[in-house]
Amino acid sequence: MKDNVIINEKDNVGISLAGNDTIPAGHKYALRDIPQGDYVLKYGEIIGRATRDIKQGEWVHTHNVKSHLDENVAYTYSYSAQELEKTSGTFMGYKRAQGNAGIRNEIYIIPTVGCVNDVCLRLQKAAQSLVEGSIDGIFALTHQFGCSQLGQDNENIKKLLAAVALNPNASFVLFVGLGCENNSLDGVKEYLAPFKRDNIAYFNCQEVEDEFAYGMEILKGFAEKAKTLKREEVSLSELCIGLKCGGSDGYSGLTANPLVGRISDKIVSAGGSAVLTEVPEMFGAEQILMNQCENERIFEKYKKMIENFKAYYTTQGFPVYENPSPGNKKGGITTLEEKSLGCIKKAGTSKIVDVLDYGERVQKKGLSALNAPGNDLIAATALAAAGCQIVLFTTGRGTPFSTFTPTMKIGTNNKISAFKSNWIDFNAYSMDEDGLFDLLIKAANGEYICKSEDVREIAFYKTGVTL
């Protein structure tokens, strides 16, 4: 890349990729004088207003720009998505009885309540001796909730854990309950009953004499079956990818996010699925995504999701622009609009075919929008629970976390990709579309293990009272 980049001919700021004595790498500089009060333009869109006169060549950032977000903006619909040329492809996956396919052959141990986390972790540790044949791993997906939550929070936990169990990467699932919690096994079973799965087992620790021995017998039976499973050639139409960014910087909207957008379009064009979330990081760019909705019905669902999330902020007494984070700002992102305009590039150019509520699973092939916050672990968990077998996670600052499905870290710049090579799977600064796509397929085939796959975590989006 060049030392300096101008993204759109309408822009009045450029990006200094190399940096200098006065402008850090990845930050913006004025292409011409910008009077106080005038719009600051990047991506051909408004990212804020100048809070004082800015001279040509001057550093443009939080010291002289503020957000221009309007919390009461009116939305309209004008379809502008690209119609993608259909393609095809395959990967080597584990075919499931329900018709989809996993990219891993794993066994999950899921506590219904945090009280039994230790039991699940002991089972996980002992069960490592059972990992043989084609089994990719046995993991306890611990969390701190499941009791003392009320109303929608309580329902969301049941719904989300049931969705976790339905992820196609799980060959078998063991739910471990305590026996007196709000999030009872009966409630989880009720959510799962319509799916008629025979790969899920349940027990309450209070109802068996030795919960460790009881759980190990179930896991031994699971492992005997799982170790014989084989990968088979599967259409790319069965692949579902999650789109997520975290620790964003000034390069995110230039390299990693647009590159992932191209991969998203490629998967969708092959009949597969992609899911975009992080609703607060759509604020300021939501109209662009609204115009990608395939019809007015989907537009209305998307608009409602945005308006409800804004109302969630304002009823709590917070402005919708309480963003970006300190790390984002250090990396060169000045306002939420700028962050959002870079963030949504992960969605590519294809039409949005559905809008999912939190805890819902993908219902239609193509690009879906999912209702969840921007928090990395909460959003990534929601993506995987929606059915994504892998999450493509772009980052300019770096992070070692992973949700319960493989989480591929895609670095935005050379520095972080080299400095944290133990975290970063792919350096997007090269803009090597074929290279990233090939790595994705290798990961789906089990030929590449993402660098964070030894970490498996889940987190909930909690909004209400805890007793």
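Provided above is the structure to which this section pertains.
Thresholds applied
- Residues numbered from 1 in each chain as written.
- Predicted model: local features only at pLDDT ≥ 70, side-chain atom pairs only at ≥ 80, totals over all residues.
- Heavy atoms only, no water.
- Helix = DSSP H or I, 4+ residues; strand = E, 2+ residues; numbered from the N terminus.
- Rg over C-alpha atoms; globule rule 2.2 N^0.38 Å.
- Contact = heavy atoms within 4.5 Å.
- Lys, Arg positive; Asp, Glu negative; His and termini not counted.
- Charge placed at Lys NZ, Arg CZ, Asp CG, Glu CD.
- Pairing = 2+ DSSP bridges.
- Axes fitted to C-alpha atoms, helices over the stretch in contact; angles between N-to-C directions.
- Parallel < 35°, antiparallel > 145°, perpendicular 65-115°, else oblique.
- Left-handed = near helix turned anticlockwise from the far one by under 90°.
- Nonpolar A, V, L, I, M, F, W, Y, C, P; charged D, E, K, R; others polar.
- Core = buried A, V, L, I, M, F, W, Y, C linked by side-chain atoms within 4.5 Å.
- Buried < 20%, exposed > 50% of the residue type's maximum accessible area, 1.4 Å probe, protein only.
- Expected span 1.5 Å × (residues − 1).
- Arc of directions from axis to C-beta.
- Polar contact = N/O pair within 3.5 Å; in protein donor to acceptor, adjacent residues only side chain to side chain.

K.L.:
Please give an account of the overall build of the protein chain that cites residues and values.
P.N.:
When helices and strands are tallied, the protein chain shows 12 helices and 21 strands. Since a compact globule built from 467 residues should have a radius of gyration of about 23 Å, the 23 Å found for the protein chain is in line with a globular shape. The C-alpha extent of the protein chain, read off along each of the three principal axes, is 75 × 45 × 45 Å. A fraction of 71% describes how many contacts in the protein chain between residues 6 or more apart in sequence connect residues 24 or more apart. The average position of the 50 basic charges and that of the 57 acidic charges among the side chains of the protein chain differ by 1 Å.

K.L.:
I'd like to hear about the sheet that holds strand 5 (residues 45-50), residue by residue, with values.
P.N.:
Two strands in a sheet stick together by hydrogen bonds in their backbones, pointing the same way (parallel) or opposite ways (antiparallel). Ordered in space as 4-5-7, the 3 strands form an open sheet in which the pairing is antiparallel. The open sheet terminates on both sides in strands that have one partner only, identified here as strand 4 (39-42) and strand 7 (65-66). When strand 4 meets strand 5, the two strands line up antiparallel, connected through 4 bridges. Considered in strand 5, the bridge of Val40 is made with Gly48. Running at roughly 165° to strand 5, helix 9 (residues 336-343) makes contact with strand 4 and strand 5 of the sheet.

K.L.:
Run through the packing of helix 2 (residues 151-165) against helix 3 (residues 185-192), naming residues and quoting values.
P.N.:
The contact between helix 2 and helix 3 brings their axes to 9 Å, and the two run at 55°. In terms of axis orientation, helix 2 runs oblique to helix 3. For the pair helix 2 and helix 3, the sense of crossing is right-handed. For the pair helix 2 and helix 3, contact is made by Glu155, Lys158, Lys159 and Ala162 and by Gly187, Tyr191 and Leu192, respectively. The residue inventory of the contact of helix 2 with helix 3, partitioned by class, reads 3 nonpolar, 1 polar and 3 charged.

K.L.:
Could you give an account of the sheet that holds strand 18 (residues 366-370), naming the residues involved and the relevant values?
P.N.:
Read from one edge of the open sheet, 7 strands run 17-18-16-15-19-20-21, paired in parallel fashion. Of all strands in the sheet, those bounded by a partner on one side alone are strand 17 (352-356) and strand 21 (426-427). Pairing analysis gives 2 bridges linking strand 20 (residues 407-411) to strand 21, with the strands arranged parallel. Bridge pairing in strand 21 places Gly411 opposite Asn427. Helix 7 (residues 296-315) contacts strand 17 and strand 18 of the sheet and is inclined by roughly 40° relative to strand 17. Against the sheet, helix 10 (residues 376-385) touches strand 15 (240-245), strand 16 (273-276), strand 18 and strand 19 (390-395), its axis set at about 170° to strand 15.

K.L.:
Mind laying out the nonpolar core, listing which residues take part and the relevant values?
P.N.:
Residues Ile110, Phe175, Ile241, Tyr302, Met408 and Ile410 are the most contacted members of the largest nonpolar core, which totals 110 residues. In contact with Ile110, other than residues within four places in its own chain, are Cys120, Leu141, Leu161, Val164, Ala165, Val173, Leu174, Phe175 and Val176. Membership of the second largest hydrophobic core comes to 26 residues, among which are Ile107, Ala127, Leu130 and Leu178.

K.L.:
I'd love a proper account of the environment of Ala382, names of residues and values included.
P.N.:
Within the fold, Ala382 resides in helix 10. Looking at Ala382, the relative accessible area reads 3%, which means it is buried. Through-space distance from the C-alpha of Ala382 to that of Leu370 is 8.1 Å; in sequence the pair is 12 residues apart. Residues within four places of Ala382 in sequence aside, it is in contact with Leu160, Tyr358, Leu370 and Ala372.

K.L.:
Could you give an account of helix 7, naming the residues involved and the relevant values?
P.N.:
Between its terminal C-alpha atoms helix 7 stretches 28 Å, which fits the 28 Å expected from 20 residues at 1.5 Å a residue. Looking at helix 7, one finds that the buried residues are Ile298, Phe299, Tyr302, Lys303, Met305, Ile306, Phe309, Lys310 and Tyr313. Relative to the axis of helix 7, the buried residues are bounded by an arc of 155° and lie together on one face. Residues Glu296, Arg297, Lys304 and Thr315 are exposed on helix 7 and point more than 90 degrees away from its buried face. Elements in contact with the buried residues of helix 7: helix 6 (286-290), strand 17 and strand 18. N-cap assignment for helix 7: the residue whose side-chain oxygen lies 3.1 Å from the backbone N of Arg297 is Asn295.

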